[in-house]
Structure formats: structure tokens, C-alpha cells
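Structure at a glance
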Amino acid sequence: MGWITLISSWLPPLLFGVAGAAICIILMMPGKFIRPNNPNPNKNIPYECASKPTMEAVGQRSVKYFRYAILFVVFDVEVIFLYAWALIAEEIGLIGFIELSFFILVLLLGLAFAWKKRALEWG
Amino acid sequence: MQSLMLIISFLVLISALMVILSEDMVHSALFLIFSFGGVGALFLSVGAQFLGAIQILIYTGAVGVMMLLMIYFTSKEGKSIKREGKYSGIVLVGLLGFLILYPSISITREVGGTKGLTQNIGRLLFSDLLIPFEVISIVLLSAIIGATYIIRREDH
């Protein structure tokens, strides 16, 4: 009983996963049989427009990327709350809309601030 | 449901242990992302839809990317590290494991129900928990401002 309800309630995500894996395998397998197989150490180096790499691929990069990561996380969290609102939007009506608008307005202030401080530019 | 929770808990614990034990920081980050995903699956398996979605979208998605970016910013010397706090880390994973495994073993009744549905969380957020909800936006605003200033300091 427990296992049957368990499997039936998890069937859609299970099918999703199995279908996803199956599509990957089905797409990869024909190539494996058709393509010529000539291993060469040069084929294992990172692709650098056909010239030899001058340094290791892993190294220190500019911290400026962090800005985009933080902004991404912030607006990702915002979108999560939009889902919670969207499902009950009709039920709570205008008041809920105003509450959510205030939430978004505060974040828009942050976006405007970041924009004004030129945080969205690469320079 | 209990057996599913146990399987997922073990996967989470093993990947958490691998975060500490693996020599390469990138591997650690990938194991961390895997354990985030496992915690998300744990939430989903007890019917906490919204928490599960948050865990997967924000932790495995955004925070995982942040972790990888952190490694990207550090110099190459830091990338494979001699772990000095390995044993205390294992103890920490053990404690964490107890915290995760104890509820999943001791739950005797069927968990789930409708409390964790996104609609119900939404109803709570927009009525009783309205002020904490609006405070979240201010916390996020401070994150934006902090990020803007931290990175600008480097420019000058």
C-alpha cells in the first residue's frame, strides 16, 4: 500500500527524469556508432580558436562577476514570492496586489540604485 | 514515504561528507549543490512544495552558481586545499546527519497534508506574515546595495 501510493504520487517526476535521461542517451548513442574514432592528445586540450592555450583555464577572475551573481540571487528570490502571490491572486484581490506592489517597489528602488551607481555596467 | 526519506537523507549526508573530503574545491561545490538538491527532494517528499521549490530554484540554482563563482574569484593556489578542519567537519556532518535522520526515522504518522502547498504559504504571507514579507524586500534591498558598494571599492 505504502509503496503503491508512493510510486503513483511520484510517477510524473519519475517519468520526467526517465524521459530526460532516455532522450540524452538516444541522442548520444547513434553518434557513438557512426563517428570515426581517432583519439589524439591535441583533441583533449581546451579549444582556444586552434592556437595552443597560453595558461591554465582555472585562475583568478575579476570579482565584478559577483555583482551579477548577487543581483541574480536577489531577483530569483523575488520571483519565488511572485509564484506564491500568483496562485492566490484572484482570492486576495486588490489588497494583495498592493502588498506585492510595495514589495516589488522596494526592490525596484534597489535596481534603480544599482543602475544609478553604474553597477550594471562593466567598466 | 519513510523509506524514500531515508534514501534521500543518506544521499544528502554522503554528498555533504564528500564536500569535506574531496580535495578539489570545484568538486566540493558540486557535491554541495547535489546535497542542496537532496534537501529539496526531502522537502518535496514531506509535501512542503514551496520549500522544495525554493530549495531547488534558489539553493541549487542561484547559491550553487555563487559558490562556483567564489572559486572562480580565488587564485589558483587556493583551489586544492589541505583540509585542516577535516575532522571537526566530519563531526559537524555527523551532527547534521542526526538532525536530518532523526525526524525521518522518528516520524510515525504520514507526513504531508496541504500545509506546505504554495497557495497556503501565499495566503499566510499576504495576511498574517505580511510585515515579515515586506521586510524580506528590505533585506534584499540591502543585499543589492551591499553588492554595489563592495564591488565599487575595487574600482577606485
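Residue numbers here run from 1 along each chain, matching the order of that chain's written sequence. Starting at A for chains and at 1 for ligands, labels are handed out in the order in which the entities are written. With the structure being a predicted model, the display of local features is reserved for residues of pLDDT at least 70 and the display and counting of side-chain atom pairs for 80 or more, all residues being used for whole-chain, interface and lining totals. Just so you know, side-chain values use all the structure's heavy atoms and leave hydrogens and water out.

Chain B goes by NADH dehydrogenase subunit J in an unreviewed UniProt entry, where it is assigned to Methanohalarchaeum thermophilum.

Turning our attention to the overall build of chain A. Helix and strand counts for chain A come out as 4 helices and 0 strands. The N-to-C order of helical and strand elements in chain A reads α-α-α-α. We compute the radius of gyration from the C-alpha atoms alone; for a globule the expected value is 2.2 Å times N to the 0.38, where N is the number of residues. Its C-alpha atoms give chain A a radius of gyration of 25 Å, more than 25% over the compact-globule value 14 Å for 123 residues. Areas reported as accessible are Shrake-Rupley estimates using a 1.4 Å probe. Residue values count occlusion only from the protein chains shown. Looking at chain A as shown, the accessible area adds up to about 9,300 Å², and 72% of this sits on carbon and sulfur atoms. Charge assignment in this entry is limited to Lys and Arg as positive and Asp and Glu as negative, and neither His nor the chain termini are counted. Charged groups are reduced to one reference atom each: NZ for lysine, CZ for arginine, CG for aspartic acid, CD for glutamic acid. Averaging the locations of the 10 positively and 8 negatively charged side chains of chain A gives two centres separated by 20 Å. In this description a helix means any DSSP run of H or I spanning at least four residues, a strand means any run of E spanning at least two, and both kinds are numbered starting from the N terminus.

Here, nonpolar core means buried Ala, Val, Leu, Ile, Met, Phe, Trp, Tyr and Cys residues that are tied together by side-chain atoms lying within 4.5 Å of each other. Exposure classes here rest on a 1.4 Å probe applied to the protein chains alone. A residue is buried below 20% of its type maximum, exposed above 50%, and partly exposed in between. Within the largest apolar cluster, 33 residues are counted, with the highest numbers of intra-cluster contacts made by Phe81(A), Phe126(B) and Phe133(B). Examining the composition of this core, we find that 11 residues originate from one element, helix α3 (residues 64–86) of chain A, more than from any other. No fewer than three residues from each of domain 1 (2–112) and domain 2 (126–156) of chain B sit in this core. Any two residues whose heavy atoms approach within 4.5 Å are treated as being in contact. Beyond its immediate chain neighbours, meaning those up to four positions away, Phe133(B) contacts Phe81(A), Leu100(A), Phe103(A), Leu125(B) and Phe126(B). Per the annotation, domain bounds derive from an automatic or database assignment of domains.

Our next topic: the interface of chain A and chain B. Taken together, the contacts link 48 residues of chain A with 45 residues of chain B. By buried area we mean how much accessible surface two parts lose on assembly, using a 1.4 Å probe and totalling the loss over both. Buried area between chain A and chain B, summed over both chains or domains, comes out near 4,300 Å², and the portion from carbon and sulfur atoms is 78%. Basic side-chain nitrogens of Lys or Arg form a salt bridge, by our definition, when they fall within 4 Å of a carboxyl oxygen of Asp or Glu. For Arg123(B), the salt bridge goes to Glu91(A), with nearest N and O atoms at 2.5 Å. Polar contact criterion, stated in full: a pair of N or O atoms within 3.5 Å, where within protein one must be able to donate a hydrogen and the other to accept it, and residues adjacent in sequence count only if both atoms are side-chain atoms. Seen at the junction of chain A and chain B, the total is 3 residue pairs in polar contact (both at pLDDT 80 or more). At the level of secondary structure, the elements contributing two or more residues to the side of chain A that touches chain B comprise α1 (2–9), α3 and α4 (89–116) of chain A. Looking at the side of chain A that touches chain B, the element that brings in the most residues is α3(A), giving 18 residues. Gly is put with the polar residues, along with every residue not named as nonpolar or charged; the nonpolar set is Ala, Val, Leu, Ile, Met, Phe, Trp, Tyr, Cys and Pro, and the charged set is Asp, Glu, Lys and Arg. Classifying every residue of the side of chain A that touches chain B by side-chain character gives 33 nonpolar, 6 polar and 9 charged.

Before going further, it helps to spend a moment on the UniProt feature "transmembrane region" (unreviewed entry) in chain B. All names here are of chain B. UniProt positions are given in the numbering used here, feature names are shortened, and annotations may be inferred rather than shown by experiment. If you check UniProt for "transmembrane region" (unreviewed entry), the listed places come out as residues 6–22, 29–50, 56–75, 87–105 and 125–151 in our numbering. Measuring from the first to the last C-alpha atom of residues 6–22 gives 24 Å, for a span that is 94% helix and 0% strand. A distance of 24 Å separates the end C-alpha atoms of residues 29–50, which is 86% helix and 0% strand.

Residues and elements named next belong to chain A. Going through the model one piece at a time under the given rule, you end up with 2 salt bridges over all chains. A salt bridge links Glu121 to Arg118, with the nearest nitrogen and oxygen atoms 3.5 Å apart. The class of Glu121 is partly exposed, set by a relative accessible area of 37%.

Attention now goes to a nonpolar patch on the surface. Patches here are clusters of residues that have more than 30% relative accessible area and form no salt bridge, with a 9 Å joining cutoff for like charges and a 5 Å cutoff for nonpolar side chains (Val, Leu, Ile, Met, Phe, Trp, Tyr). Together, Leu11(A), Leu14(A), Leu15(A) and Val18(A) make up a nonpolar patch on the protein surface, roughly 370 Å² of accessible area in all. Of note, Val18(A) is situated in helix α2 (residues 11–34).

By definition here, a helix of n residues has an expected span of 1.5 Å times n minus one. Given a rise of 1.5 Å per residue, 24 residues ought to cover 34 Å, and the 35 Å separating the end C-alpha atoms of α2(A) matches this to within 8%. Buried residues are scarce in α2(A), accounting for 0 of its 24 residues.

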